[in-house]
Structures are given as structure tokens and as C-alpha cells.
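Per-entry structural report
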Amino acid sequence: MASVEIRNLRKKFGSVWAVDGVDLTIRDGEFLVLLGPSGCGKTTLLRSIAGLERPSAGEILIGGQRVDEDVPPRHRGIAMVFQSYALYPHRTVFENIAFPLRAAHAPRRNIEEKVRWAAGVFGISAYLDRYPRQLSGGERQRVALCRALVRDPKVLLLDEPLANLDAKLRNTARDELKRFQRQIGTTTVYVTHDQIEAMGLGDRVAIMDRGKVRQLGTPQRVYEDPDDTFVATFVGQPPMNLLRLCDGAGPPGTLLGFRPEHFLPRAVLRAAEDARSFRFHVRRVEYLGSDRYLYGTLPDQCDPSPTFIAKLPATIGTPVLEGEAYEFAVPVRALCYFDSTSGLRRRG
Ligand SMILES: Nc1ncnc2c1ncn2[C@@H]1O[C@H](COP(=O)(O)OP(=O)(O)OP(=O)(O)O)[C@@H](O)[C@H]1O
Ligand SMILES: [Mg+2]
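Model, not experiment: these values are computed from the prediction.

**Some words on the site of ligand 1**
Taken together, Phe13, Ala18, Pro37, Ser38, Gly39, Cys40, Gly41, Lys42, Thr43, Thr44 and Glu160 make up the full set of residues near ligand 1. Between ligand 1 and Thr44, the relevant distance is 2.5 Å, taken from an oxygen atom to a side-chain nitrogen or oxygen of the residue. Burial of ligand 1 by the protein chains amounts to 57% of its free accessible area of 630 Å². Per-element tally for the shell around ligand 1: the top contributor is helix 1 (residues 42–50), with 3 residues. Split into classes, the residues belonging to the shell around ligand 1 amount to 4 nonpolar, 5 polar and 2 charged.

Quick look at the structure:
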């Protein structure tokens, strides 16, 4: 096992800075998630750690050793699982998992032992004689993970490994992966653009945007205490509401942010709760079983056009009708302020 240290890393493709000055330390044994929209540089960063891309500038250290200049991928102590899994179609599951060990000329007994151990961990012992085409997407993913693991990597690099699975299978696979990572304690860097996956898996999450890390923190920290409007609206479903305040209605040049679950009928909040009230004109009610999402506008604000969302859990039975306006409120402790030009959080 090892820590991974990334210092001011940059990678340029043509005129595009795919990675644009990333500083990141991944602790020994940590499960770190790189989360961000398509094209923000996640894969490029991961491939740079693996040694499959040569950085334009900056440093990468694995276990305290500098690797970015001349340590080839096979000597970095890493194993990478790609989104496509890249299994060999004409080899059995056993041979797929054994492949890196054979390539390293490991003794036969050792190979047999390792493959059976990894297959056992992931519950695919019964499939060792099958071919990849005879497996479901979830099973193939486990084969790819087994193949990465038999090499006892110091660092496991996973690029959207669950993206090909259907929603139900993804839940199970997420749980399995997390339990497994806790069991073996291998430092893991996991790439995804799915915030649910990121929040559910990561000890910490690094949120990326256009080649930069916008915020690094625990899932709870990035959700409850976002550093800027990008993080505030990227993490959370539905996203945080952002309201441009009228002159005199708050600090100038400020956006007011509040999460849909904090935007509730005033009557639901305790009377003594210090809260900011808004008249909320409900345009549409979406019934989702566990919650209702209310879409509407704030007609008393200087710009009454943007849509705001309230998320009411099923436990709040207050009747809400489309086309009606109600007094809604946000507890003051749940309000966030952002600079309207830079998008950066204003604290204090
Ligand atoms: N080999 C390459 N040549 C030229 N440009 C590239 C290359 N690889 C990536 N890029 C560009 O670098 C940027 C970052 O790409 P990258 O694949 O790292 O994004 P990503 O965050 O992994 O996106 P996704 O979620 O879609 O996989 C994109 O603008 C992409 O077009
Ligand atoms: Mg990618």
C-alpha cells in the first residue's frame, strides 16, 4: 500500500489543458473519488498516475517515490480497471485473472492460489471455466477487478468501473466494492461522473471542473459546505437553488444558495426557527413516492423567472396544488452565500 502525491500536475493535448494544475494527496489506504462532468480531465489524471500519459508539468509520487519521469507503468505498483474491462474474449475467466501473474512468470501454484482467492472474494469461483461472453456485465466487472487485484497493487485505479451496469446491479456492485476495499485496504482512486456513486464510495471526493480540483473533502463536507457554485450545483440531486438577491435584500453582488430539502412550507418549520421566507409559486408537483419535488418561481424577487425546486419528504403531508402560491422558508443556518461574479463562497 502507498500514498499518492500529485503536485501541480498539468497535461496539455493540443491547445487544451486537460489537467490544469492539480494538487492532491491520496492517503495510504484511502478511497478517493474523482468526480466531475464529462471532459473535465478525470481519465487523463488517472492515466497520468498509471503512467499511460506523460504529464506536461508537475510531479507524481507513489509511496514517496517520484514516478512521473521515468518509472514505466509496470513498475509503479498500480493496477487499473478500465470502463470497458478489456477482458480477453478467447480466454476463460481463470486465464483472464491469471494473465498478469503469468506475464510476471509467477510460480504455477502461486497463480492457482491467487486466482482462487480473488475469485472467492468477489463470488465468481463458480465461473472460472466460463468465457467472458457467458457472463453478465456485473460478473465481467468482477473478473476485471480480480485481475487487477491478483497483482497485489499498492494503488488501485478504477475508471468508471460500474458505468456499464444497470441501476440495481450498480447498487450491489458499489456495496461489494466498498466492503472489499475496506477488507484489503488498498489505496484506491475511483473516477466517476455519478455523484451518488462518489458520495457513497469515497472517504473523500475531489470535485473536478475543466482540469482543476474545485474542492476536496468528505462527502458530507462537499455537500453541506460547498466552496463555490460549481460544487454546490454539481453535488446534490436536485441541485442547490441559487437566487440573485435584489439590491438591498442582502450583501451586494451575492447569490443566495439553499438546498431543495431545506426549502419547506413555513408552517412546517418551528415557529421559533430563524428562517428566511419567500412566496413560492408552485408550477408543477412531481410525485416520486419517497418525496415530492415542487417546481416553481419566486414572484417577489427582482428576477422572478428562474425555476426553484423544493423537496418535500413523504412525511410532510401538507397539500400543495399546482398554480397556487405559498409561504415557504429556509432556516437561516442552511443558507449559503456566494460571490455572484467569481462563484466563490462568502463565509462569515
Ligand atoms: N488523447 C487525447 N488527445 C486529445 N485530447 C484529449 C485526449 N484525451 C483527452 N483529451 C481531451 O482532454 C479533456 C479531458 O479528457 P478526459 O478524458 O480526461 O475527460 P473525463 O473527465 O475522463 O471525461 P469523461 O467523463 O467523458 O470520460 C477533454 O477535453 C478531451 O477531449
Ligand atoms: Mg473519462
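**Brief notes about the packing of helix 2 (residues 93–103) against helix 3 (residues 108–121)**
Where helix 2 contacts helix 3, the two axes come as close as 10 Å, and the packing angle between them is 130 degrees. Relative to helix 3, the element helix 2 lies oblique. Crossing geometry of helix 2 relative to helix 3 is assigned as right-handed. Where helix 2 abuts helix 3, its residues Phe94, Ile97, Ala98, Leu101 and Arg102 lie against Ile111, Glu112, Lys114, Val115 and Arg116. Tallied by class, the residues present in the contact of helix 2 with helix 3 amount to 6 nonpolar, no polar and 4 charged.

**Focus on helix 2**
For helix 2, the full list of buried residues reads Val93, Phe94, Asn96, Ile97, Ala98, Pro100 and Leu101. Its buried side turned inward, helix 2 meets helix 3 and helix 4 (137–149). Just downstream of helix 2 lies His105, where phi reads positive at about 55 degrees.

**A closer look at the packing of aromatic side chains**
Inspection of the entire model under this criterion finds 11 aromatic pairs. Their ring planes at 10 degrees and their centres at 6.0 Å tell us that Phe258 and Phe308 sit as a pair that is stacked. Here Phe258 is found in strand 12 (residues 254–258), whereas its partner Phe308 is found in strand 16 (residues 308–313), with 50 residues between them in sequence. Taking relative accessible area as the criterion, Phe258 reaches 0% and is therefore assigned buried. Look at Phe308 and you get buried, because its relative accessible area is 2%. With a centroid separation of 6.2 Å and an interplanar angle of 75 degrees, the aromatic rings of Phe263 and Phe278 are classed as edge-to-face. Within this pair, whereas Phe263 is found in the loop between strand 12 and strand 13 (264–265), its partner Phe278 is found in strand 14 (residues 275–287), the two being separated by 15 residues in sequence. Residue classification places Phe263 among the buried residues on the basis of a relative accessible area of 0%. Taking relative accessible area as the criterion, Phe278 reaches 4% and is therefore assigned buried. The ring of Tyr88 carries the charged tip of Arg91 above its face, separated from the ring centre by 5.0 Å. Positioned above the aromatic ring of Tyr223, the side-chain terminus of Arg259 is 3.9 Å from the ring centre.

What counts and how
- Residues numbered from 1 in each chain as written.
- Chains lettered and ligands numbered in written order.
- Predicted model: local features only at pLDDT ≥ 70, side-chain atom pairs only at ≥ 80, totals over all residues.
- Heavy atoms only, no water.
- Near = heavy atom within 4 Å.
- Polar contact = N/O pair within 3.5 Å; in protein donor to acceptor, adjacent residues only side chain to side chain.
- Areas by Shrake-Rupley, 256 points an atom, 1.4 Å probe, with all protein chains shown as cover.
- Helix = DSSP H or I, 4+ residues; strand = E, 2+ residues; numbered from the N terminus.
- Nonpolar A, V, L, I, M, F, W, Y, C, P; charged D, E, K, R; others polar.
- Axes fitted to C-alpha atoms, helices over the stretch in contact; angles between N-to-C directions.
- Parallel < 35°, antiparallel > 145°, perpendicular 65-115°, else oblique.
- Left-handed = near helix turned anticlockwise from the far one by under 90°.
- Contact = heavy atoms within 4.5 Å.
- Buried < 20%, exposed > 50% of the residue type's maximum accessible area, 1.4 Å probe, protein only.
- Phe/Tyr/Trp six-rings, centres within 6.5 Å; stacked < 30°, edge-to-face > 60°.
- Lys NZ or Arg CZ within 6 Å of the ring centre and 35° of its normal.

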